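# Structural overview for review
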Amino acid sequence: MDYVDQLNGLSHQLSALSGTDQIQVAVNNHADSPHRSLYKNTWPAEDQARRWRNELFEVERNAKRRDKFNSNRDLNQVKNPWSEKPANKSSKVGRQGRKRSMIMLAEWFLFMPKDFETDYLFKLCPKGRHVCVVAWKGRTDVYARSGTRIESFLSRLPGGGLGQSSVMMHRYETVLDCIMVDNRNKVHQDSASSEFPDGKLIFMVLDLISFKSTSYDDVTFFERCEWLENYHKTNVEAYENTDPAQFKIVPAYACDKDTMKSVFSSPPPFEVFSC
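In the annotation of an unreviewed UniProt entry, the chain is listed under the name Snurportin-1 and assigned to Hymenolepis diminuta. The record held by UniProt for the chain lists under Function (unreviewed entry) the comment "Functions as an U snRNP-specific nuclear import adapter. Involved in the trimethylguanosine (m3G)-cap-dependent nuclear import of U snRNPs. Binds specifically to the terminal m3G-cap U snRNAs." We quote the UniProt Sequence similarities (unreviewed entry) comment for the chain here in full: "Belongs to the snurportin family."

Moving on, we get to the pattern of salt bridges. The full count for this structure, using the stated rule, is six salt bridges. Ionic pairing is found between Arg149 and Asp141, a salt bridge with its closest N-O pair at 3.8 Å. A salt bridge links Asp207 to Arg224; its shortest N-O distance comes to 2.8 Å. Note that Asp207 is positioned in strand S6 (residues 201–211) and Arg224 in helix H6 (residues 221–231), a separation of 17 residues in sequence. With respect to burial, Asp207 and Arg224 carry one shared label: buried.

To continue, consider the nonpolar core. If you look at the biggest cluster of nonpolar residues, it comprises 21 residues, and the most contacted ones within it are Val133, Leu176, Phe203, Val205, Val236 and Phe247. For this core, the secondary-structure elements that each account for two or more residues are strand S2 (129–136), strand S5 (173–182), S6 and strand S8 (245–249). If you tally residues by element for this core, the top one is S6, at five residues. If we skip the residues at most four places from it in the chain, Val133 touches Thr140, Asp141, Val142, Leu157, Thr174, Val175, Leu176, Cys178, Phe203 and Phe247. Counting residues in hydrophobic clusters, the runner-up holds twelve residues, among them Phe116, Phe122, Ile202 and Met204.

Time to look at the pairing of S5. With nine of ten residues buried, S5 is to be regarded as a mostly interior element. Note that S2 and S5 share eight bridges and pair antiparallel. When the bridges of S5 are listed, Arg129 appears paired with Met180. Where S5 lies against S6, eight bridges are found, and the strand directions are antiparallel. Residue pairing for S6: Val175 is matched across the bridge by Ser210.

Attention shifts here to the environment of Pro126. Structurally, the position occupied by Pro126 is in the loop between strand S1 (121–122) and S2. Judged by relative accessible area, Pro126 falls into the buried class, the value being 3%.

So, about the packing of aromatic side chains. Within this structure, the stated rule accounts for seven aromatic pairs. Through pairs of rings, three or more aromatic residues link up here, namely Phe122, Tyr253 and Phe264.

The rules we used
Residues numbered from 1 in each chain as written. Predicted model: local features only at pLDDT ≥ 70, side-chain atom pairs only at ≥ 80, totals over all residues. Heavy atoms only, no water. UniProt positions renumbered as here; feature names shortened; annotations may be inferred. Salt bridge = Lys/Arg side-chain N within 4 Å of Asp/Glu carboxyl O. Helix = DSSP H or I, 4+ residues; strand = E, 2+ residues; numbered from the N terminus. Buried < 20%, exposed > 50% of the residue type's maximum accessible area, 1.4 Å probe, protein only. Core = buried A, V, L, I, M, F, W, Y, C linked by side-chain atoms within 4.5 Å. Contact = heavy atoms within 4.5 Å. Pairing = 2+ DSSP bridges. Phe/Tyr/Trp six-rings, centres within 6.5 Å; stacked < 30°, edge-to-face > 60°.

Written out as structure tokens, the structure reads:
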């Protein structure tokens, strides 16, 4: 009796003792591991399906985020960023309603991207109120995140009214994303705001949205920072002691280790926001 017959006999005896019928399974004796064909390994398939679901979730999440950003900044509409013609303001209500969508959206940094050191910039966030500043037709309006106008004054921004002709005031429009620091109720300067004058509204400029009726909506953040800090800084930070408000640009820094270590090793020039 060969090995197969002995195995079948033992299987028959075991089935008789347990009260069950004999179960015979034909396997390929020439396979490397014939016992593996008797089982279905479902774990790799489940892991792959789980990875696919996670990737699909991330793609949909990023797509919704981009759509929200594009909708807020009106990037879905095709327009010429270098056109000097101001946008068509059909109604006052519609114009004020857009102010809530112009400021930068705050979002938690949940993961560290691979290109963090090369493709990202960071700015220190001053402690204050997040607002949108619009200089147009000879006055400067300040809008809260809800779209409500909270301040109105004259400024030296293009279109803001101070030191400009009537033609320039009605031709130019400037929109800035800022942090408003209200020092009007302060009597004495403190260490946190020593470089800011008391009794003034201070606007720390975070981002450039429009300047002299030229839209920068569809320009990358790198390019907007370059335009803001290298080309428009003189016009944005123009100030005299009689002005009701002062504008200061918050500098952008690279995200490499040396730059971040240098920035965080020294005290900031203004009071920063802390969570």
